[in-house]
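Descriptive analysis of the structure
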Amino acid sequence: MGTAVLAEALLQNEDLQVFVVSRAGVAPEWLSAEPVYQTTRLDFVGGDLLAPKTVRDALQAVTPEYNVVGCISCVGAITPWSQTNMVRTCGDANINAYTISRELGAAKFAVITRDRSNMHDWWYPFPYLIPGYYEGKRKIEEFVAHDAQNAGNAICLRAGFVVGTRRTLPGLPTSVKIAVPLDGLYKAVNRLCPTIGVGELAGAAVRFVLSERKAEMALVPNDAIPDYFEQP
Ligand SMILES: NC(=O)c1ccc[n+]([C@@H]2O[C@H](COP(=O)([O-])OP(=O)(O)OC[C@H]3O[C@@H](n4cnc5c(N)ncnc54)[C@H](OP(=O)(O)O)[C@@H]3O)[C@@H](O)[C@H]2O)c1
């Protein structure tokens, strides 16, 4: 998801300088094979959102000469497998991302949360398997939705299962080379649960962040994502 957002940001506005905060602080190796990422407009810096000072320091070092237009967080994890870790990574790490983006003067903020439409279906296993994930997503959604002072400038995109090619596997470092196309699998999933294309999701996040228009609501449902913030 994160690398799809980078591609969209670089393509949607050619004047943007894009900074990526990741724990590794360097581009994953496979990016070197993709022309869109071969630009001096893309910089990687190292930081861990569960140690927010590392992110604050890294961004304060590189952004002072820029007008920071926005921040998009694609942070979330179910591994290492612990409910506490899921709450912290999906919730607290994203609250730190939002707080730091506000400190940097970013006008807009978008974070990827989770579609809830199957939550109460008896056959849907995830609320029982990964309650910490949903609890973390609820935490960042409440934090954003209750920030009345900044209403309209921050959104949570409530994504269904994301369809595209996976380049990372949860729990494995990004140096492990994989490319798993999920399109076929998710055609089947789509009969039961909402899905969203990775490009559609990235496009919506970037359009919102680059627009001067405010959002009508903080929580954006999955089915509103494909056309979200398209020109009227
Ligand atoms: N995939 C789906 O079907 C789906 C559906 C709905 C919502 N979402 C949400 O969409 C977002 C992106 O999903 P994805 O599938 O692209 O997940 P992913 O490939 O697992 O990416 C998650 C990212 O979070 C980063 N991260 C984790 N902990 C961090 C920390 N403490 N500090 C900084 N970065 C940290 C990871 O960076 P490292 O490289 O350092 O590990 C990784 O780049 C997540 O919030 C996910 O919950 C995904």
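Our subject is the structure listed above.
Residues numbered from 1 in each chain as written. Predicted model: local features only at pLDDT ≥ 70, side-chain atom pairs only at ≥ 80, totals over all residues. Heavy atoms only, no water.

1. A few points about the overall build of the protein chain
When helices and strands are tallied, the protein chain shows seven helices and 10 strands. Its C-alpha atoms put the protein chain at 55 × 45 × 40 Å along the principal axes. In the protein chain, buried positions account for 42% of the 232 residues. Long-range contacts, defined here as pairs at least 24 residues apart, represent 72% of the contacts in the protein chain between residues at least 6 apart. Each charge sign in the protein chain was given a centre, from 21 positive and 24 negative side chains, and these centres are 5 Å apart. (Helix = DSSP H or I, 4+ residues; strand = E, 2+ residues; numbered from the N terminus. Buried < 20%, exposed > 50% of the residue type's maximum accessible area, 1.4 Å probe, protein only. Contact = heavy atoms within 4.5 Å. Lys, Arg positive; Asp, Glu negative; His and termini not counted. Charge placed at Lys NZ, Arg CZ, Asp CG, Glu CD.)

2. Focus on the site of the ligand
Residues in contact with the ligand amount to 21 residues; listed here are only the nearest, R23, D48, K137, V162 and R166. The contact in question runs from an oxygen atom of the ligand to an N or O atom on the backbone of V75, over 3.0 Å. Between the ligand and V162, the relevant distance is 2.8 Å, taken from an oxygen atom to a main-chain nitrogen or oxygen of the residue. In isolation the ligand exposes 890 Å². Once the protein is present, 81% of that is buried. Looking at the shell around the ligand, the elements that each hand over two or more residues are β4 (108-114), α5 (131-145) and β6 (161-163). The element best represented in the shell around the ligand is β4, accounting for three residues. (Near = heavy atom within 4 Å. Polar contact = N/O pair within 3.5 Å; in protein donor to acceptor, adjacent residues only side chain to side chain. Areas by Shrake-Rupley, 256 points an atom, 1.4 Å probe, with all protein chains shown as cover.)

3. Quick look at the pattern of salt bridges
A side chain with one charge may pair with a side chain of the opposite charge, provided their charged atoms come close. What the rule picks out here adds up to eight salt bridges. One salt bridge connects E135 with R138, and the closest N-O pair in it is separated by 2.7 Å. Of this pair, E135 and R138 both sit in helix α5, three residues apart, which is roughly one turn of that helix. Given the relative accessible area of 32%, E135 is considered partly exposed. Linking E142 and R138 is a salt bridge whose minimum nitrogen-to-oxygen distance equals 2.8 Å. Note that E142 and R138 are positioned in helix α5 at a spacing of four residues, about one turn of the helix. Through salt bridges with shared partners, a single network forms among E135, R138 and E142. (Salt bridge = Lys/Arg side-chain N within 4 Å of Asp/Glu carboxyl O.)

4. Some words on the state of the cysteines
One pass over the full model with this rule turns up zero disulfides. As a non-bridged cysteine, C71 has C74 as the owner of its nearest cysteine sulfur, 9.1 Å distant. Free of any disulfide, C156 has its nearest cysteine sulfur in C90, 12 Å distant. (Disulfide = S-S within 2.5 Å.)

5. Quick look at the sheet that holds β4
The four strands are arranged β3-β4-β5-β10 in an open sheet whose pairing can be described as parallel. Either end of the sheet is taken by a strand with one partner, and the two such strands are β3 (70-73) and β10 (219-220). Relative to β10, strand β5 (residues 154-159) is paired through two bridges, and the arrangement is parallel. Paired with C156 across the strands is L219, a residue of β10. Its contacts with the sheet put helix α3 (residues 83-103) on β3, β4 and β5, and the angle it makes with β4 is roughly 170°. (Pairing = 2+ DSSP bridges. Axes fitted to C-alpha atoms, helices over the stretch in contact; angles between N-to-C directions.)

6. Description of helix α7 (residues 198-210)
Here α7 spans 18 Å end to end across 13 residues, near enough to the 18 Å set by a 1.5 Å rise per residue. Within α7, burial applies to L201, A202, G203, A204, A205, V206, R207, F208 and V209. (Expected span 1.5 Å × (residues − 1).)

7. Re the packing of aromatic side chains
Scanning the model with the defined rule gives 11 aromatic pairs in all. A ring pair is formed by F208 and Y228, whose centres lie 6.3 Å apart and whose planes are at 40°; its orientation type is tilted. Remark: Y228 occurs in the segment after β10 and F208 occurs in helix α7; sequence separation between them is 20 residues. The burial state of F208 is the same as that of Y228; both residues are buried. These aromatic residues form a ring-pair network of at least three members: W123, Y124, F126 and F161. In this structure, R114 is placed above the aromatic ring of F161, and the distance from its NZ or CZ to the ring centre is 4.4 Å. Stacked on the ring of F229, the Lys or Arg R213 has its end atom at 4.2 Å from the ring centre. (Phe/Tyr/Trp six-rings, centres within 6.5 Å; stacked < 30°, edge-to-face > 60°. Lys NZ or Arg CZ within 6 Å of the ring centre and 35° of its normal.)

8. Here's the deal with unusual backbone geometry
One non-glycine residue, F229, lies in the positive phi region at around 60°. In this structure, F229 sits in the segment after β10. Overall, F229 belongs to the buried group, its relative accessible area being 11%.

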